Amino acid sequence: MPEGDVLLRTARRLHHALVDEPLVVADLRWSGLSELDLTGRRTTEVISRGKHLLHRLEGGATIHSHLRMEGHWWVERRDQVRPGVLRSPDLRAALATTEWAALGWQLGMLDVVDTAQESTVVGHLGPDLLGPDWQESVAVDNLHRSAQSLGAALLDQRNLAGLGTIYASESLFVQRLSPWQPASAVSEDALQLLVRRAQRLLKHGAEVGRPSITGDPREPTYVHARSGRPCRRCGGPVRVSAIGTAPRERPMFYCPQCQGGLGPDDDGRPQRPLGAR
Ligand SMILES: [Zn+2]
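In every chain, residue numbers begin from 1 and rise along the written sequence. Residue-level local features of this predicted model are given only where pLDDT is at least 70; pairs of side-chain atoms are given and counted only at 80 or more, and the full residue set underlies all totals for whole chains, interfaces and linings. Side-chain numbers come from the whole structure's heavy atoms, not from hydrogens or water.

Let us look at the coordination of the zinc ion. Donor atoms from the polypeptide that coordinate the zinc ion comprise Cys 231 (SG), Cys 234 (SG), Cys 255 (SG) and Cys 258 (SG), at 2.2 to 2.4 Å from the metal. Water is not among the atoms examined, so metal sites may look incomplete; donors are the N, O and S atoms within 2.8 Å of the metal, or within 3.2 Å for Na, K and Ca. Tetrahedral means four donors with every angle between 85 and 135 degrees, whereas square planar (four donors) and octahedral (six donors) require angles over 155 degrees between opposite donors and between 65 and 115 for all others; sites fitting neither are termed irregular. Classification of the site at the zinc ion rests on its four donor atoms, whose angles at the metal span 100 to 114°, yielding the label tetrahedral. Between consecutive donor residues of the zinc ion, the sequence gaps follow C-x2-C-x20-C-x2-C.

On to the domain arrangement of the chain. When the parts of a complex come together, some accessible area is lost, and that lost area is often used as the size of the interface. Assigned domains within the chain: domain 1 (4-122) and domain 2 (136-254). Summarising the inter-unit geometry, the C-alpha centres of domain 1 and domain 2 are found 30 Å apart. Note on contacts: a residue pair qualifies if any of its non-hydrogen atoms lie within 4.5 Å across the two residues. At the junction of the two partners, domain 1 supplies six residues and domain 2 supplies 14 residues. Carbon and sulfur atoms supply 54% of the area that domain 1 and domain 2 bury against each other, a total of about 630 Å² over both sides. The largest share of the area that domain 1 buries against domain 2 comes from Asp 5, Arg 9 and Lys 51, three residues that together contribute 72% of it. We define a salt bridge as a contact between a side-chain nitrogen of Lys or Arg and a carboxyl oxygen of Asp or Glu at a distance within 4 Å. Here domain 1 is connected to domain 2 by zero salt bridges. Domain start and stop positions are those given by an automatic or database domain assignment. Values labelled buried area give the accessible surface lost by two parts on being combined, using a 1.4 Å probe and summing over both.

Let's shift gears to helix H4 (residues 136-145). Exposure classes here rest on a 1.4 Å probe applied to the protein chains alone. A residue is buried below 20% of its type maximum, exposed above 50%, and partly exposed in between. Comment: elements are numbered from the N terminus, with helices defined as DSSP H or I runs of at least four residues and strands as E runs of at least two. Restricting attention to buried positions, one finds in H4 the residues Glu 136, Ala 139, Val 140 and Leu 143. Along the axis of H4, the buried residues cluster in a sector spanning 100°; they form a single face. Across from the buried face of H4, at angles greater than 90 degrees, the exposed residues are Ser 137 and Arg 145. Here the buried face of H4 lies against helix H5 (150-155) and helix H7 (188-208). Each direction from the helix axis to a C-beta atom contributes to the arc, which is the arc of those directions.

Here we come to the UniProt feature "domain: FPG-type" (unreviewed entry) in the chain. UniProt positions are given in the numbering used here, feature names are shortened, and annotations may be inferred rather than shown by experiment. As recorded in UniProt, the feature "domain: FPG-type" (unreviewed entry) lies at residues 222-260. Segment residues 222-260 splits into 0% helix and 26% strand. End C-alpha atoms: 16 Å apart.

The strand order across the open sheet built from four strands is S2-S3-S4-S8, with neighbouring strands paired in antiparallel fashion. The open sheet has two free edges, formed respectively by strand S2 (43-49) and strand S8 (109-114), since each of these has just one partner strand. When the angles between neighbouring strand axes are averaged without regard to direction, this sheet yields 20°. Whether two strands pair depends on DSSP finding at least two bridges between them. For strand S4 (residues 61-66) and S8, the ladder comprises six bridges, and the chain directions are antiparallel. The axes are straight lines fitted to the C-alpha atoms, using for helices just the contacting stretch, and the angles between their N-to-C directions are given from 0 to 180°.

Let us now look at helix H1 (residues 4-18). The α-helix winds at 3.6 residues per turn, so residues separated by three or four positions along the chain end up facing the same way. Multiplying 1.5 Å by the helix residue count minus one yields the expected span of that helix. Here H1 contains 15 residues, and its C-alpha end-to-end distance of 21 Å stays within 8% of the 21 Å for a straight helix at 1.5 Å per residue. Taken as a whole, H1 has its buried residues at Gly 4, Asp 5, Leu 7, Leu 8, Thr 10, Ala 11, Leu 14, Ala 17 and Leu 18. Two residues or fewer past H1, Asp 20 is found with a positive phi of approximately 75°.

Counting 33 residues, the largest nonpolar core has Leu 150, Leu 154 and Leu 160 as the members making the most contacts within it. Of all elements in the fold, only H4, H5, helix H6 (165-174), H7 and strand S10 (250-254) reach the threshold of two or more residues within this core. For this core, the leading source of residues is H7, giving seven residues. When residues no more than four places from it in sequence are discounted, the contact partners of Leu 160 are Gly 126, Pro 127, Leu 129, Trp 134, Ala 139, Leu 143, Ala 153, Leu 154 and Val 195. Note on terminology: a nonpolar core comprises buried Ala, Val, Leu, Ile, Met, Phe, Trp, Tyr and Cys residues joined through side-chain atoms within 4.5 Å. Core analysis: the second largest hydrophobic core is formed by 21 residues, Leu 7, Ile 63, Ala 93 and Leu 107 among them.

Where charged atoms from two side chains of opposite charge come close, those side chains can pair. Enumeration over the complete set of coordinates arrives at 15 salt bridges. The partner of Glu 136 in a salt bridge is Arg 196, and the shortest N-O contact between them spans 2.7 Å. Here the residue Glu 136 occupies a position in helix H4, and Arg 196 occupies one in helix H7, the gap between them amounting to 60 residues. Classification of Glu 136 as buried rests on a relative accessible area of 19%. Linking Arg 218 and Asp 216 is a salt bridge whose minimum nitrogen-to-oxygen distance equals 3.4 Å. Using a relative accessible area of 74% as the deciding quantity, one classes Arg 218 as exposed.

Bringing the packing of H1 against H7 into the picture now. Running from amino to carboxyl end, H1 crosses H7 at an angle of 40°, the nearest separation of the two axes being 8 Å. On the basis of their axis angle, the class for H1 and H7 is oblique. In the packing of H1 onto H7, the handedness of the crossing is right-handed. For the pair formed by H1 and H7, the contact residues are Gly 4, Asp 5, Leu 8 and Arg 9 on the first element and Leu 202, Gly 205, Ala 206, Glu 207 and Val 208 on the second. Polarity classes work like this: nonpolar for Ala, Val, Leu, Ile, Met, Phe, Trp, Tyr, Cys and Pro, charged for Asp, Glu, Lys and Arg, and polar for all others, with Gly in that last group. For the contact of H1 with H7, the residue count by class is four nonpolar, two polar and three charged. Each angle is binned into one of four classes, with values under 35 degrees roughly parallel, values over 145 roughly antiparallel, values of 65 to 115 roughly perpendicular, and all other values oblique. What makes a crossing left-handed is the near helix being turned counterclockwise from the far one by less than a right angle; a clockwise turn instead makes it right-handed.

Quick look at the structure:
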């Protein structure tokens, strides 16, 4: 699932392509939106908020989208969009100025709200790690008050917004923290360092365009997607186990040796590297 770094880059790309120009195409293929006519409206800005995208138009309307698992936005020159592309059932949104087209594919969520009422779609989010209004102390406080495990609390967008499984697992590994311990049992100092680490990694990912945690382009992560392979710090096997409560469990990659032991649902049986037979 795309994380905050991808959303920030997507927002910047859409903003750059569409800002200040009127929409000549505004085709929203979503229940309840197909009749809505937004053509002629100018884009005032496109921003990300955690993993959400807010595309603001003059006249006080906001197109809100979320990528969920598979979604993405493409930007290309309008005269280069092939007609067949527009007939694809995976296309959920086509927005275009005279020069540029933004195509939303397999979006997980799409709606249009009054700009003044954006809180109805993003008001539940905690402070945005990449936002201009980031509030570290609020995020630390939210984590500290959480009744969840630390890993699940980091992934809960109500505590702080922008992290998914890659940056959560990598931040926990770098800070040598167990994902499975109760978030409330972790000192505020350690939570502050964790949140700062996560923010630094996410910002770096947004700058370079991909997660780049280790600095090694061949193996950019320490633990994410590396189960069954040796930990780059201690040499022990990296593992993966589910975190969170059903039906919202997520995979959490970790090193039991570096991060305080096996997770409660991890039986410790050997795990093969991903992709190995
Ligand atoms: Zn290790």
